[in-house]
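Listed below, chain by chain, are the residues.
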Amino acid sequence: MQRRDFLKLSAGTAVAAAFVSRANAQGTSQGAVKEIRIGYQKNGVLVITRQQAALEKHFLPQGIEVKWVEFSSGPPMMEAMNVGSVDYGAVGDSPPVFAQAAGAAIVYAAGQPITNGQGILVPKDSPIRSIAELKGKRVGFTKGSSAHNIVVQTLEKAGLTYADITPVYLTPPDAGPAFANGSIEAWAIWDPYFAIGETKQNGRILINAREVTKTNSFYIANRDFAKNHGAVLQQIVDVTSATAKWAEQHRDEVARSLAAVTGIPLEIQTIAANRSSFVVGPVTDDIVATQQGVADRFHKLGLIPKPIVIRDIVWRNPAA
């Protein structure tokens, strides 16, 4: 993938670039960190972390401020991180693969297995009852997102190829209305949009991602930030992990937190929270192997222009 293609993939780049302030936020590359920029979406542990002000409380004694930047999906977040306007953020499995193939300045800082909460929806009255019946249909998803990977692997499961469908590349906010009005015949998506599609947009689950493959989400850091401020990055990961452990035991409160921060109704976030896994930990050999499979598959399909090695950008705290 050429640089220009990666930029096209990232619809939110122009907005994200407005947050570029590396010199003011971090001082010199080796100097003290003054501000941490966190990229988040409308789901997951980082939303809870923000609602609880966990990072703010942790870093206040160190004189470090925390700034939150919302993204509709992973690809624009990866571009923002590449140019240095975001230091740390959470994405699904596909965005960092596309980003690494484009030479983006990112590293994997932590991993989180996804056990539920994403898949492919069709309208309740749709005649589509099996994966094979997606052949020739318009399938909406965000290009370069975790949903992209789910589509690819789901098609393989049914013996179909990527050429057997008509991919319609849409961000989640655009895909929801397109699904509701019939402009697309299937929608690959993750929570909370998955739950919205089910409950508010007359959707029926065709397949859950867990029926197809193992998937992971990731906590990604800007490469220079990780190199120059490893101790701070480790603290961010530790706070994220601690919040995740709390979330596993307090799902009702998690749903309320998600609803409060995102504005998405509590009933939707309750569905998402109850079926989510919140465990955050190191990027293990098993996670690396799974992610390498995603990268190899995308290269085979021509979705990325060259083979990549996931392990090459897995961050290890040198002080650990």
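Bear in mind that the values here come from a model prediction, so they are computed numbers and not experimental data.

Quick look at empty space enclosed by the protein
Right, on to step 1. With the rule as written, the count across this model stands at one cavity of 30 Å³ or more.
Right, on to step 2. If you add up the space inside the largest cavity, you get close to 500 Å³.
Right, on to step 3. Those elements that place two or more of their residues in the lining of the largest cavity are helix H4 (45-52), strand E3 (88-91), strand E4 (106-114), strand E10 (215-222) and helix H14 (266-274).
Right, on to step 4. Of the residues that constitute the lining of the largest cavity, the class distribution is 14 nonpolar, 17 polar and one charged.

Concerning the confidence of the model for the protein
Right, on to step 1. Of the residues in the protein, 90% have a pLDDT of 70 or more, and the chain-wide mean is 88.
Right, on to step 2. Mean pLDDT in the protein bottoms out at helix H2 (residues 13-17), which sits at 36, and peaks at helix H5 (residues 54-59), which reaches 98.
Right, on to step 3. Low pLDDT, under 50, characterises residues 1-29; the predicted model gives this stretch 62 contacts beyond four residues in sequence or across chains.

What about the sheet that holds strand E6 (residues 138-141)?
Right, on to step 1. Taken in spatial order, the five strands make up an open sheet running E7-E6-E8-E5-E9, and their pairing is mixed. Of all the strands in the sheet, the pair left with one neighbour each is strand E7 (166-169) and strand E9 (203-208). Here the average twist between neighbouring strands, direction ignored, is 30°.
Right, on to step 2. Judged from the two bridges that link them, E6 and strand E8 (residues 186-190) form a sheet pairing that is parallel. Bridge pairing links Val-139 to Ala-186 in E8.
Right, on to step 3. Packing of helix H8 (residues 146-157) onto the sheet brings it into contact with strand E5 (118-123), E6, E7, E8 and E9, and relative to E8 it is tilted by some 125°.
Right, on to step 4. In the packing of helix H9 (residues 172-180) onto the sheet, contacts are made with E5, E8 and E9, and the angle to E8 comes to roughly 145°.

About the cut-offs
- Residues numbered from 1 in each chain as written.
- Predicted model: local features only at pLDDT ≥ 70, side-chain atom pairs only at ≥ 80, totals over all residues.
- Heavy atoms only, no water.
- 1 Å grid on protein atoms, 1.4 Å probe; cavity = no way out; pocket = protein on both sides within 12 Å on 5 of 7 lines; lining within 4 Å.
- Points joined across faces, edges and corners; volume = space filled by probe spheres on them.
- Helix = DSSP H or I, 4+ residues; strand = E, 2+ residues; numbered from the N terminus.
- Nonpolar A, V, L, I, M, F, W, Y, C, P; charged D, E, K, R; others polar.
- pLDDT = per-residue confidence, 0-100.
- Contact = heavy atoms within 4.5 Å.
- Pairing = 2+ DSSP bridges.
- Axes fitted to C-alpha atoms, helices over the stretch in contact; angles between N-to-C directions.

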